[in-house]
Amino acid sequence: SSGINAEYGEESEHWEVYNEEERQELLFLLFKHLVLGGPVCQYDDKIDRYLEIAKGLYKELITVQKNSETKKIELISKVLKVSAWDGDICWFPGDEHHQTFCYLILNPVNRIVTVFSHDYGKGCW
């Protein structure tokens, strides 16, 4: 459960387990969004299902290829976190809640852009 607790922010005793660069990686962000959930999310200290879903989602979103020189698998997707501001107002993706986000995942091989976004508190009912 230390992984889940580290997600709750700088006040957590486990926050320093991850450096700032690691906290900006897509896999970490996906895991964080899944663990923190939405406004009706209930606490759960079983981390396995979150890790499994985050890894599966990550594998679906990104593109890798083998480097012909090093023979190592390399990430070739580019991930951008996007937002649109006018002065102090965030028009897209919405409010500044940490669970409101929009990522563009660019696949340079197939020239495909995948949009992965969520607007916290805006359910479908």
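What you see is a predicted model, and the numbers here were worked out from it, not measured in a lab.

1. Section: the nonpolar core
- Counting residues in each nonpolar core, the largest one holds eight residues, listed as Leu26, Leu29, Leu30, Leu61, Ile62, Phe101, Tyr103 and Ile105.
- At the level of secondary structure, the elements contributing two or more residues to this core comprise helix H3 (26-36) and strand E6 (101-107).
- Excluding residues within four positions of it along the chain, isoleucine 105 makes contact with Leu26, Leu61, Ile62, Ser77, Lys78, Val79, Ile112, Val113, Thr114 and Phe116.
- Phe31, Val35, Ile47 and Ala54 belong to the second-largest nonpolar core, a separate cluster that totals five residues.

2. Considering the pairing of strand E7 (residues 112-118)
- Note that E6 and E7 share seven bridges and pair antiparallel. Bridge pairing in E7 places tyrosine 103 opposite phenylalanine 116.
- Counting the residues between successive antiparallel strands, the hairpin from E6 to E7 contains four residues, one of them, arginine 111, with a positive phi of roughly 55°.

3. Things to note about the pairing of strand E5 (residues 89-92)
- Relative to E5, strand E4 (residues 84-86) runs antiparallel, the two being bridged by three bridges. Its bridge partner being in E5, tryptophan 85 is matched across the sheet by cysteine 90.
- Between the end of E4 and the start of E5, which pair antiparallel, lie two residues, with glycine 87 showing a positive phi angle near 65°.

4. A closer look at the sheet that holds E6
- Ordered by their spatial adjacency, three strands build an open sheet running E3-E6-E7, and the pairing between neighbours is antiparallel. What marks the edges here is a single partner per strand, and that holds for strand E3 (78-81) and E7. When the angles between neighbouring strand axes are averaged without regard to direction, this sheet yields 20°.
- In the packing of H3 onto the sheet, the strands contacted are E3, E6 and E7, and the crossing angle to E6 comes to about 145°.

Cut-offs applied
- Residues numbered from 1 in each chain as written.
- Predicted model: local features only at pLDDT ≥ 70, side-chain atom pairs only at ≥ 80, totals over all residues.
- Heavy atoms only, no water.
- Core = buried A, V, L, I, M, F, W, Y, C linked by side-chain atoms within 4.5 Å.
- Buried < 20%, exposed > 50% of the residue type's maximum accessible area, 1.4 Å probe, protein only.
- Helix = DSSP H or I, 4+ residues; strand = E, 2+ residues; numbered from the N terminus.
- Contact = heavy atoms within 4.5 Å.
- Pairing = 2+ DSSP bridges.
- Axes fitted to C-alpha atoms, helices over the stretch in contact; angles between N-to-C directions.

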